[in-house]
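Secondary and tertiary structure notes
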Amino acid sequence: MQPIIELRDVGLRYADRLVLDQINIHLHHGQFAALVGPSGAGKTSLLRLILGLHTPSRGQILIHGKHPVDGQVPTIAYVPQLETVDWNFPVTVEQVVAMGLVRQGNPWPWLRNHERQAVQAVLAQLEIEHLAQQHIRNLSGGQQQRVFLARALVAKPAMLVLDEPTTGIDPRVAETILHLLADLNQQGMTILMTTHDLNSAANHVPWIICLNQTIVAQGTPEAVFTPIVLEQTYHSEMVVVQHEGMLLIQQRPHGHSYRDLIPNPVIGEVLNPAMENPIEPAFRTAEL
Ligand SMILES: Nc1ncnc2c1ncn2[C@@H]1O[C@H](COP(=O)(O)OP(=O)(O)OP(=O)(O)O)[C@@H](O)[C@H]1O
C-alpha cells in the first residue's frame, strides 16, 4: 500500500547549518506516530517540511506518492503548539474552527448554513459545542487544544500533524487529549505528533520516531525506548523500567548505575543502520 507520507533521504539546511540529515520515514494510512527528541533536534522543522512550509535541501518528500505542488498539502491538517497562538486575537471558538474550512466561493465573513453545520458537527464530536460563542482566550488549555483540533478536523483531512499537543496542559488533561487522539486514530485518522512527554508517548502511541538531526531509531515503544537508543537521541542517560505493563522513562539520577535502577531492562532492536555508531541489537541492553 502507498504511504500517505514518504521522506526519502531528506536533508534540511537553514543557511549553512544542517538541521536534518538522511531522514527516511514512511507513514501509512491509519498509523499513529510520535516524533521525539531533544529541543533543537529538528522536530518542528520536520513537520514543516511535511506540511510543505520548507523545501528540503536534499532528498524527496512524497505525499500520496506525489510531490506536493506549490507548498500546498491539502490533505494534511496542522494543529500548532498552543504557545504560538495569539490569544488576544478577537475570535470565538466557532470562528476559529471555521478558519479550517476551505471556503470556496464564500468571500463573506459569516458562515453559510452548511458551513455552520460542519463546524457544529466537529464541535460536538470533540464535546465542546457549548463553547461555540466563547472567546478563545477564556478557555482552559485542554479546551483550547480541542478547539485547534476541531479547526484541523473540520476540513476532513487524511492526516493530522500536531506540534506538542500535550505541552502546557496539566497531566490529567494531557491524558484526555491523548485518549481523544487514540479514538480518532481508531476511527481511521492517520496522526503524527511531536512530544517531549516520553512516558505518554510510550504508553499511548504505537509508533515512535526518535530524532536528533537524523533518525536514531523508529519502531514500537518497546523496541525503541531503550537506554541506548534514548542516550543516542538525547545525549543523556535515561532509565527505562517496566511497571505493571507500562513503560516508565526517566533521566538517570547521578550516582546510580543501571543495575541499581532497572530490575528488567527493556529490549529494543529497530535501529538506524546508517548511523555512525550503529546501535547494537537489543540483547546488549540487558548487559548494561
Ligand atoms: N527558520 C529558522 N531559521 C534558522 N534556524 C532555525 C529556524 N527554525 C529552527 N531553526 C533551528 O533549527 C534547529 C531545529 O529547530 P526545531 O524547532 O525544528 O527543533 P525542535 O526539535 O522542534 O525543538 P523544540 O523541541 O525546542 O521545539 C534549532 O537549532 C533551531 O534553532
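Residues numbered from 1 in each chain as written. Predicted model: local features only at pLDDT ≥ 70, side-chain atom pairs only at ≥ 80, totals over all residues.

Notes on the packing of helix H4 (residues 141–153) against helix H5 (residues 171–186)
Rule in force here: A fitted line through C-alpha atoms represents every axis, and for helices the fit uses only the stretch in contact; the resulting angles, taken between N-to-C directions, go from 0 to 180 degrees. Strands here are runs of E lasting at least two residues and helices are runs of H or I lasting at least four, both read from the DSSP assignment and numbered beginning at the N terminus. When describing relative orientation, an angle under 35 degrees is termed roughly parallel and one over 145 degrees roughly antiparallel, while 65 to 115 degrees is termed roughly perpendicular and anything else oblique. Each crossing gets its hand from how the near helix is turned against the far one by less than a right angle, where anticlockwise is left-handed and clockwise is right-handed. Contact between two residues is assigned when their C-beta atoms, built from the backbone, lie within 7 Å. For this scheme, ten residues count as nonpolar: Ala, Val, Leu, Ile, Met, Phe, Trp, Tyr, Cys and Pro. Four count as charged, namely Asp, Glu, Lys and Arg, and the remainder, Gly too, count as polar.
Running from N to C, H4 and H5 point in directions that differ by 20°, and their axes come no closer than 9 Å. With respect to H5, the axis of H4 lies roughly parallel. Read as a crossing pair, H4 and H5 show a hand that is right-handed. Mapping the contact onto sequence places Gly141, Gly142 and Gln145 in H4 and Val173, Thr176 and Ile177 in H5. For the contact of H4 with H5, the per-class residue count stands at 2 nonpolar, 4 polar and no charged.

Some points on the site of the ligand
To keep it simple, the criterion reads: Any residue whose C-beta atom, as set from the backbone, lies within 6 Å of a molecule or strand is reported as near that molecule or strand.
Neighbouring the ligand are the residues Tyr14, Val19, Gly37, Ser39, Gly40, Ala41, Gly42, Lys43, Thr44 and Ser45. For the shell around the ligand, the element with the highest residue contribution is helix H1 (residues 43–50), accounting for 3 residues. A per-class count over the shell around the ligand returns 3 nonpolar, 6 polar and 1 charged.

Some words on helix H3 (residues 113–125)
Rules: By this rule the span expected of a helix is its residue count minus one, scaled by 1.5 Å. Exposure classes come from backbone-placed C-beta atoms, where a residue is buried if 20 or more other C-beta atoms lie within 10 Å of its own, exposed if 12 or fewer do, and partly exposed in between. It is the directions from the helix axis to the C-beta atoms that the arc portrays.
For H3, which comprises 13 residues, the first-to-last C-alpha distance of 18 Å matches the rise-based estimate of 18 Å (1.5 Å per residue) to within 8%. Of the positions making up H3, those classed as buried are Ala118, Val119, Val122 and Leu123. Relative to the axis of H3, the buried residues are bounded by an arc of 130° and lie together on one face. Across from the buried face of H3, at angles greater than 90 degrees, the exposed residues are Asn113, His114 and Gln117. Summarising the contacts, the buried residues of H3 are in contact with helix H2 (93–98) and H4.

A short note on the sheet that holds strand E2 (residues 17–27)
By definition, the strands of a sheet pair up through backbone hydrogen bonds, in either a parallel or an antiparallel sense. Heads up, the rule is: At least two DSSP bridges between two strands are needed for those strands to be called paired.
On the basis of which strands lie adjacent, the open sheet formed by 3 strands has the order E2-E1-E4 and antiparallel pairing. Since the sheet does not close on itself, it has two edges, and those belong to E2 and strand E4 (58–63), each with one partner. Neighbour to neighbour, the strand axes of the sheet diverge by 25° on average, direction disregarded. Of the strand pairs in this sheet, strand E1 (residues 5–14) and E2 are connected by 7 bridges, and their pairing is antiparallel. Residue glutamate 6 lies in a different strand from E2, and its bridge partner there is histidine 26.

Here's the deal with the pairing of strand E5 (residues 76–79)
The alternating pattern of E5 places Ile76 and Tyr78 and Ala77 and Val79 on opposite faces, both of which are buried. Two elements, E5 and strand E6 (residues 159–163), share 4 bridges in a ladder whose sense is parallel. Counted as the bridge partner of tyrosine 78 is valine 161 from E6.

Quick word on unusual backbone geometry
Within the chain, glutamine 22 stands out as a residue other than glycine whose phi angle is a positive 50°. In this fold, glutamine 22 is placed in strand E2. The backbone of histidine 235 sits at a positive phi, close to 55°, despite the residue not being glycine. Inspection of the secondary structure puts histidine 235 in the loop between helix H8 (227–234) and strand E10 (238–243). According to the C-beta neighbour criterion, histidine 235 is exposed, with 9 such atoms within 10 Å.

Here we look at the nonpolar core
Heads up, the rule is: Here a nonpolar core is just a set of buried residues of the types Ala, Val, Leu, Ile, Met, Phe, Trp, Tyr and Cys, joined wherever their C-beta atoms sit within 7 Å.
Core analysis: the largest hydrophobic core is formed by 74 residues, its most contacted members being Val97 and Ile208. Looking at this core element by element, the count peaks at 6 residues for H4. Ignoring anything within four residues of it in the chain, the contact list for valine 97 reads Val119, Val122, Leu123, Val147, Ala150, Arg151 and Val154.

A few points about the sheet that holds strand E8 (residues 207–212)
Here we have 6 strands laid out as an open sheet, ordered E5-E6-E7-E3-E8-E9, and mixed in their pairing. Looking at which strands have only one partner, the edges of the open sheet turn out to be E5 and strand E9 (214–219). Strand-to-strand twist in this sheet, taken as the mean axis angle between neighbours without regard to direction, amounts to 15°. Inspection of the sheet shows E8 paired to E9 by 5 bridges, in the antiparallel sense. Its bridge partner being in E9, cysteine 210 is matched across the sheet by alanine 217.

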